[in-house]
Amino acid sequence: MIEYRRRRPPLYRLARYLRWCAVLALFIVLVFLASTIFSAVKLGTGLNPTTGPNGGYAFHYSPALGYTVSFGVNLTNDGYYPLVLDLSAVAYTPLGTVIPYTSTGAVTFSPGNTTTEFGLTVRIPQSTLMANAGQMLVRNTPIAGNVWFNGTYAWIYQFGFSVSANGTWGAPFENLTIVPGTPTAAAGQTTVPVSIRFTNNAFFADVGNLTLQVVNGGTDCGGPSTLAVDVPSQQSFTGLLNLTGPSTCMVPGATVTATYTVGPLTVPLPSTRIG
Amino acid sequence: MSGTPSPAGSAFPSPTSAGPGGPAGSQGSAGPAQGPGAPVRFPEVWSRRHDLPGLPWNIAKGIAKGIVLIFFAVLLPIEILYVYFGASDLMIHHGITVELLTYGGGALAVTSAGFTAFQTTAAYGFFRMANRVAKLVYQYILATAAIFTFGPYLFSYAGATASLGIRIDVADIFYLLMIPTTIAVLAAFVTLYEDLRHPGERLPWDFPISRRKRRRREQEMAAYLGVPPPP
């Protein structure tokens, strides 16, 4: 009788085992890819960004750190694989960099329905404010910014968004004109009427205090005068403020300095000479 | 007595058989022993442990497989990437060129059709090896090119202009798929080595005789020997 069943040759067995291993590996890879897609759909529908305290953003000022704007959301990863996000931003004008390159770094959202805060703190240094913000308050300025949003999901999917924006910064005190009038003297005191005109080209209302001060040779001529302003966006403002000080100080050649104060922030504005 | 011709579609040497004549319709030449005391020789076909399909049939299967693969590996990707998405406003950019899809997918289709068409010959190992290596190289090139960028999309808001760009990198998918392909390359290498070192060794297991044909052969043998057929 013919013997049909024999033991397979070693090379044939080896090739067969390797083929089975390849099929098994392919099966595992395909199952993994399918599970990542399923998990991504689950994550997309259950991400549920919720804002943190202060409605998701907060402002803070300190002389040491400058002006900081923080915002963030809480994200819940209810998928099966980790999600890593990284957000960074930069903004600059012809006057210089307004927002230095700032990044959240790689924030990992672990799977398992855990909630992690994802936020970015943008800091405008004090030096930047003093150097450029004065000009940005009175001159419409071209501004450019970049925002990058990068992410990795399930270790293998990498994605990124980049937004480049070019626009014009609308100055809140565009074309600020401070015109000293004719001084009038009485009882050793001199009063200088100062007319103030500007247009609020910012997208927000000017709500703050405009403070004028006469300075002669580095000496303040009396106390400053403050004018509260509340000018809606795209509206012009015309006002008059009387500055009074010693007649010996408020002479032609003295300088009218202006500062704008909003909240904790005080920014110098361009000065004007009397006479 | 000289050996019989090789099995249909096989380039491997066939087992030598002896004996004149044989059952009608059977392949090979065999028959009852000639003269008293002569050794009993069975028809050669009874000694085979494999049942090879014909070469024309295999070639037809290979061509059909090649056509299907050309459609799925060449035409469909080109249609999707360059006709469908190319005509849309999505502004998709990637490194997967028409030439890459054509040559890469074409190489896969040709080599895959080849090892199907010549699976009963010594060329099987070469085609199998070529197919797996081509697949590995193709996946690697796809991995380096599989970065899709969308945009830039321009839009304006509050007087400012902005552009949005989106990037999706799926290279790691192809790197993952290279793992099973690498193992398959090893398997193909072993098969190629086996075909070179022991020609025809794999045929009885790659093309085993069906249970029905085996039963019929046993009945023929029983009738030939004049013994009752096995139960």
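Keep in mind it's a predicted model, so treat the numbers as computed, not measured. (Residues numbered from 1 in each chain as written. Chains lettered and ligands numbered in written order. Predicted model: local features only at pLDDT ≥ 70, side-chain atom pairs only at ≥ 80, totals over all residues. Heavy atoms only, no water.)

Residues and elements named next belong to chain B. Relative orientation of the contacting elements helix α2 (residues 55-87) and helix α3 (residues 98-117) amounts to 165°, with a least axis distance of 7 Å. In terms of their interaxial angle, α2 and α3 are classed as roughly antiparallel. Considering how the two elements wind past one another, α2 and α3 form a crossing that is right-handed. (Axes fitted to C-alpha atoms, helices over the stretch in contact; angles between N-to-C directions. Helix = DSSP H or I, 4+ residues; strand = E, 2+ residues; numbered from the N terminus. Parallel < 35°, antiparallel > 145°, perpendicular 65-115°, else oblique. Left-handed = near helix turned anticlockwise from the far one by under 90°.)

Turning our eyes to something else, we now look at the interface of chain A and chain B. Between chain A and chain B, the residue contacts involve 36 residues of the former and 38 residues of the latter. Both sides together, the interface formed by chain A and chain B hides about 3400 Å², and carbon and sulfur atoms give 65% of it. In this structure, the connection of chain A to chain B is made through zero salt bridges. Between chain A and chain B we count nine residue pairs in polar contact (both at pLDDT 80 or more) in total. Going through the elements one at a time, α1 (10-46) and β9 (157-169) of chain A are the ones with two or more residues in the side of chain A that touches chain B. (Contact = heavy atoms within 4.5 Å. Buried area = accessible area lost by both parts, 1.4 Å probe. Salt bridge = Lys/Arg side-chain N within 4 Å of Asp/Glu carboxyl O. Polar contact = N/O pair within 3.5 Å; in protein donor to acceptor, adjacent residues only side chain to side chain.)

Quick look at the pairing of strand β5 (residues 96-103) of chain A now. All names here are of chain A. Where strand β4 (residues 83-93) and β5 come together, five bridges link them in antiparallel fashion. Across the sheet, residue A89 finds its bridge partner in β5, namely T102. The turn linking β4 back onto β5 is made up of two residues. (Pairing = 2+ DSSP bridges.)

Residues and elements named next belong to chain B. Here the structure, examined in full by the defined rule, presents two salt bridges over all chains. For the salt bridge of D195 with R202, the shortest nitrogen-to-oxygen distance reads 2.8 Å. Classification of D195 as buried rests on a relative accessible area of 4%. Taking the relative accessible area as the measure of exposure, R202 reaches 2% and is therefore buried. Of the charged contacts, one joins R202 and D206 as a salt bridge, the two residues approaching to 3.0 Å between their closest N and O atoms. Classification of D206 as partly exposed rests on a relative accessible area of 27%. One connected set of salt bridges, linked through shared partners, spans D195, R202 and D206. (Buried < 20%, exposed > 50% of the residue type's maximum accessible area, 1.4 Å probe, protein only.)

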